[in-house]
Each structure stands twice: as C-alpha cells, then as structure tokens.
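Remarks on the overall topology
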Amino acid sequence: MAGVSLSLFAALAILIRGWGPADRLLMFGLGLAMAAVLTRYAVISAVPLPHGLKVRNLFLSRIVPWDDIEDVTFPEGDAWAKLDLADGDDLAVMAIQRADGESARVEADRLARLVLSHRPR
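Digging into the sheet that holds strand β3 (residues 61-65)
With respect to topology, 3 strands assemble into an open sheet ordered β1-β2-β3, the strand pairing being antiparallel. The open sheet has two edge strands, β1 (45-49) and β3, and neither has a second partner. Sheet twist, expressed as the mean angle between neighbouring strand axes with direction ignored, is 20°. Sheet topology places β1 next to strand β2 (residues 52-56); 5 bridges connect them, and they run antiparallel. Its bridge partner lying in β2, Pro48 is registered against Leu53.

Some points on the confidence of the model for the protein
Close reading of the predicted structure is inappropriate where its pLDDT is low. With 99% of its residues at a pLDDT of at least 70, the protein reaches an overall mean of 94. Of all helices and strands in the protein, the one with the weakest mean pLDDT is helix α1 (residues 2-15) (93), whereas β2 scores best (97).

Description of helix α3 (residues 102-117)
If you check α3, its first and last C-alpha atoms are 23 Å apart, about what 16 residues at 1.5 Å a residue would give, namely 22 Å. Those residues of α3 lying buried are Ala104, Ala108, Leu111 and Val115. Taken end-on, α3 shows its buried residues confined to a sector of 60°, consistent with a single buried face. When the buried face of α3 is taken as reference, the exposed residues oriented beyond 90 degrees from it are Glu102 and Arg113. Considering only its buried residues, α3 is in contact with β2, β4 (69-73), β5 (80-85) and β6 (90-97).

So, a nonpolar patch on the surface
Nonpolar side chains collect at one region of the surface, where Met1, Val4, Met34 and Leu38 lie side by side and expose about 400 Å² of accessible area between them. The residue Leu38 is located in helix α2 (residues 21-42) in this model. Look at Leu38 and you get partly exposed, because its relative accessible area is 32%.

Criteria and cut-off values
Residues numbered from 1 in each chain as written. Predicted model: local features only at pLDDT ≥ 70, side-chain atom pairs only at ≥ 80, totals over all residues. Heavy atoms only, no water. Pairing = 2+ DSSP bridges. Helix = DSSP H or I, 4+ residues; strand = E, 2+ residues; numbered from the N terminus. Axes fitted to C-alpha atoms, helices over the stretch in contact; angles between N-to-C directions. pLDDT = per-residue confidence, 0-100. Expected span 1.5 Å × (residues − 1). Buried < 20%, exposed > 50% of the residue type's maximum accessible area, 1.4 Å probe, protein only. Arc of directions from axis to C-beta. Contact = heavy atoms within 4.5 Å. Patch = residues over 30% accessible without salt bridge, like charges linked within 9 Å, V, L, I, M, F, W, Y side chains within 5 Å. Areas by Shrake-Rupley, 256 points an atom, 1.4 Å probe, with all protein chains shown as cover. Salt bridge = Lys/Arg side-chain N within 4 Å of Asp/Glu carboxyl O.

Next up, the structure:
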C-alpha cells in the first residue's frame, strides 16, 4: 500500500494541470509521508529475543529485558495488549490489537506464558 500511495500521489503531482512546482512538490511530499506511515505500520511487531522482548510500535521501538516485564495485560476496552513494567510504567504492544478478535486474546495469553517462562525459578 505504501508503494501504491507513493505512485498515486506522484501521478497526481504530475498529471494535474494548473499547479505550480511548489504544489506538485507538496503533493509528492504528502505521498512520501503517507508511504512512510504505512511502512511503519507494516513493521509493528513483538519479537522474543534471548535477552528480552523487542517491541516495535508505530513510533517507538524498544527492547525490554525479560526481568523488567512484570505482567502482560489486555484490559477490556483497551486497543492493545500492555506490558506492565517493573518501574511502574506500562508499554503498549501494538502487535496484539483488539480489532483482531479472539486471536488477539490468544496471542496475549501466549505472550504472558512466554514472559512467565523467562522468569527466574
């Protein structure tokens, strides 16, 4: 979709008559911005690593050490699962979205079990 967006906005910038160079450049720039956001959406993920969980959200990427994760929650009404962190903060995991229905709940439970398996015995 990012490529389609970029192509569409570039075609509009070229084909619309009566626009000056600044208008064309701004239209192309809008296409670039939209493509960048769509690309970022495409790489949202939560990847387990030996030393922690790599959470890549829309604007934030962070590796959270296993020891810093207290719990995984998916409160009713929240859009995403959350990591409750040892410092009292929480971190949204956009890779697990309520819009995905029951499969999101299954993935949240699976992530919670994974966190538990990395706790010291």
